[in-house]
There are 2 protein chains.
Amino acid sequence: MDLDDYRVRGAGKAKLSEYKPDDNGGLERAEAEAELPDLLRRMQDLQQCLYAEKKRSLLLVLQGRDASGKDGTIKHVAGGFNPLGTHVMAFKAPNELERAHDFLWRIHHHVPPAGHVAIFNRSHYEDILVPTVEKLQPKHVIEPRYDHIRRFEELLHDSGTCVLKFFLHISKDEQRERLQERLDSPEKRWKFDPHDLNARAAWDEFTAVYQQIFVRTSTEDAPWHIIPADRKWFRNWLVARIIIRALERMDLQYPASPPGLEGMKIV
Amino acid sequence: MDLDDYRVRGAGKAKLSEYKPDDNGGLERAEAEAELPDLLRRMQDLQQCLYAEKKRSLLLVLQGRDASGKDGTIKHVAGGFNPLGTHVMAFKAPNELERAHDFLWRIHHHVPPAGHVAIFNRSHYEDILVPTVEKLQPKHVIEPRYDHIRRFEELLHDSGTCVLKFFLHISKDEQRERLQERLDSPEKRWKFDPHDLNARAAWDEFTAVYQQIFVRTSTEDAPWHIIPADRKWFRNWLVARIIIRALERMDLQYPASPPGLEGMKIV
């Protein structure tokens, strides 16, 4: 299995129909679940070196339809990070002050400083998705946002931030089951939002905008990954593997000892 | 063992010499380590209900001398929380803008919103500790801060935030060993700050200020706990137990189902 199979490169690979939501990468569930704790330990070791080095940072962007597993990915994968140096930000509909600024203003505030990991649960991509599907803003307002986002992510990359973007790809059937489960379970009902049904009804419209987003904003330096998400165990395993590979490629280094400390004895 | 033995109530219990840094609460290491995963799961379940209820929040304040285990407590105990809804803030020496405001301005910004957990790695208490020991500010500036802090924490409590404060209590010998280990290990050397040796030299001065802090700011609603911290496994176990008890006492509730959702079928 090649991790790059899940990375969007070029328009040809930007169609969601090219990816199976129930793909398991040829893995067995037991195998993936048994490996996950080791992957998370490896991830935390790499994060510690990122934190110690304090020169670069990691930004994970999670997008996906309702019930696609964004919260679950945060709990089971991002939960492997040391919370010291990890910041999760869930972006909701912008408030009045946020709407009074450009759409990247509130996003910029939460990007990770050197040494840190930030995870965006939804992101600036909602500012393309929602206004397009719900026709809340005219085309001449939405259209330039693709370029603004590409340049913004380039700024982050140039400043030492590794940007990884994940689309959690579930099937319409799986979404129905998960939403139904939220309704039927007293401990999950608080997650159910009747508004989600509107988004479900606009399934194909969202697909079309996501594909636009993949074509126009998946770059070498801030790639999109399409994560098959019908099987939670494969989703977790794959996201962890992609994060680890990216951190390994950063060639992180513990800082050299400051001069004069060699052989020092504490009294 | 009574968890309240570690809570500061009244001036008589505010002397550090009353607490043994190597206390193990009568527990065996193997026993405590075997129990920790269950405690963390319980902690995460309670946190999920806090998050779902979205009415109250939890603030953990970690203080302690260098190498007393603040980072370790965050990694091993706070690491049990779901990162969605958890925010760790490490307060360093205030920067120019922060110094241009009152000392609680930067702190207030990071208190947990409803449903969330915040962990302060150092805190507003540093604004009493450092200026007192290093004589950076006159008494008439430092002295009122005790009252300001008490009223500030009362505001948080009245607004639904459960405030728990922990002092990680290590012995001077244990600190020497840990600082030496930082110096001698290439993977830990980045944590060593020669400035820590000044604080070590002022050990007794810090003890005196901490005791003042305990006497004057340990209240029923924002109590200080003195955590024996020479044994990391007991420190982790005890902090987790105290957090769980506090969350249990909040009597958290999953929100009731909104009307009209009963028996609904998703199509």
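The shown structure was predicted, so the numbers you read here are calculated from the model rather than taken from an experiment.

Reading the values: rules and limits
- Residues numbered from 1 in each chain as written.
- Chains lettered and ligands numbered in written order.
- Predicted model: local features only at pLDDT ≥ 70, side-chain atom pairs only at ≥ 80, totals over all residues.
- Heavy atoms only, no water.
- Least-squares fit on C-alpha atoms with pLDDT ≥ 70 in both.
- Contact = heavy atoms within 4.5 Å.
- Buried area = accessible area lost by both parts, 1.4 Å probe.
- Salt bridge = Lys/Arg side-chain N within 4 Å of Asp/Glu carboxyl O.
- Polar contact = N/O pair within 3.5 Å; in protein donor to acceptor, adjacent residues only side chain to side chain.
- Helix = DSSP H or I, 4+ residues; strand = E, 2+ residues; numbered from the N terminus.
- Nonpolar A, V, L, I, M, F, W, Y, C, P; charged D, E, K, R; others polar.
- UniProt positions renumbered as here; feature names shortened; annotations may be inferred.
- Phe/Tyr/Trp six-rings, centres within 6.5 Å; stacked < 30°, edge-to-face > 60°.
- Buried < 20%, exposed > 50% of the residue type's maximum accessible area, 1.4 Å probe, protein only.

## Side note on the relation of the copies chain A and chain B
Link 1 in the chain: Aligned on chain B, chain A shows an RMSD of 0.0 Å; the corresponding rotation is 180° and the shift along the axis is 0.0 Å. Those values place the two copies in the arrangement expected of a two-fold rotation axis.
Link 2 in the chain: Of the interface residues in chain A, 100% have counterparts in chain B that sit at the interface too, so the contact is made through matching surfaces.

## Describing the interface of chain A and chain B
Link 1 in the chain: The interface of chain A with chain B comprises 38 residues on the first partner and 38 residues on the second.
Link 2 in the chain: For the pair chain A and chain B, the summed buried surface comes to about 3600 Å²; carbon and sulfur atoms form 64% of the total.
Link 3 in the chain: When the area that chain A buries against chain B is broken down by residue, the three leading residues are L84, W190 and I266 of chain A, summing to 20%.
Link 4 in the chain: Applying the counting rule to chain A against chain B returns 0 salt bridges.
Link 5 in the chain: For the interface between chain A and chain B, the tally reads 6 residue pairs in polar contact (both at pLDDT 80 or more).
Link 6 in the chain: Those elements that provide at least two residues to the side of chain A that touches chain B are helix 1 (29-53), helix 2 (70-76), strand 2 (86-90), helix 8 (172-184) and helix 9 (195-201) of chain A.
Link 7 in the chain: Among the residues forming the side of chain A that touches chain B, the class breakdown is 20 nonpolar, 9 polar and 9 charged.

## Concerning the UniProt feature "domain: Polyphosphate kinase-2-related" (unreviewed entry) in chain A
Link 1 in the chain: Per the UniProt record, "domain: Polyphosphate kinase-2-related" (unreviewed entry) is found at residues 28-252 of chain A.
Link 2 in the chain: The straight-line gap between the two end C-alpha atoms of residues 28-252 of chain A is 32 Å; of that span, 53% is helix and 14% is strand.

## Focus on the packing of aromatic side chains
Link 1 in the chain: Tallying each qualifying case throughout the model produces 20 aromatic pairs over all chains.
Link 2 in the chain: Pairing F167 of chain A with F214 of chain A gives two aromatic rings, centres 5.5 Å apart and planes at 65°, and the pair type is edge-to-face. Note that F167 of chain A is positioned in strand 4 (residues 161-169) and F214 of chain A in helix 10 (residues 203-217), a separation of 47 residues in sequence.
Link 3 in the chain: By relative accessible area, which is 0% here, F167 of chain A ends up buried.
Link 4 in the chain: Look at F214 of chain A and you get buried, because its relative accessible area is 1%.
Link 5 in the chain: Centre to centre, the rings of Y6 of chain B and F234 of chain B are 6.1 Å apart; their planes meet at 65°, and the pair counts as edge-to-face. Of this pair, Y6 of chain B sits in the segment before helix 1 (29-53) while F234 of chain B sits in helix 11 (residues 232-249), and the two are 228 residues apart along the sequence.

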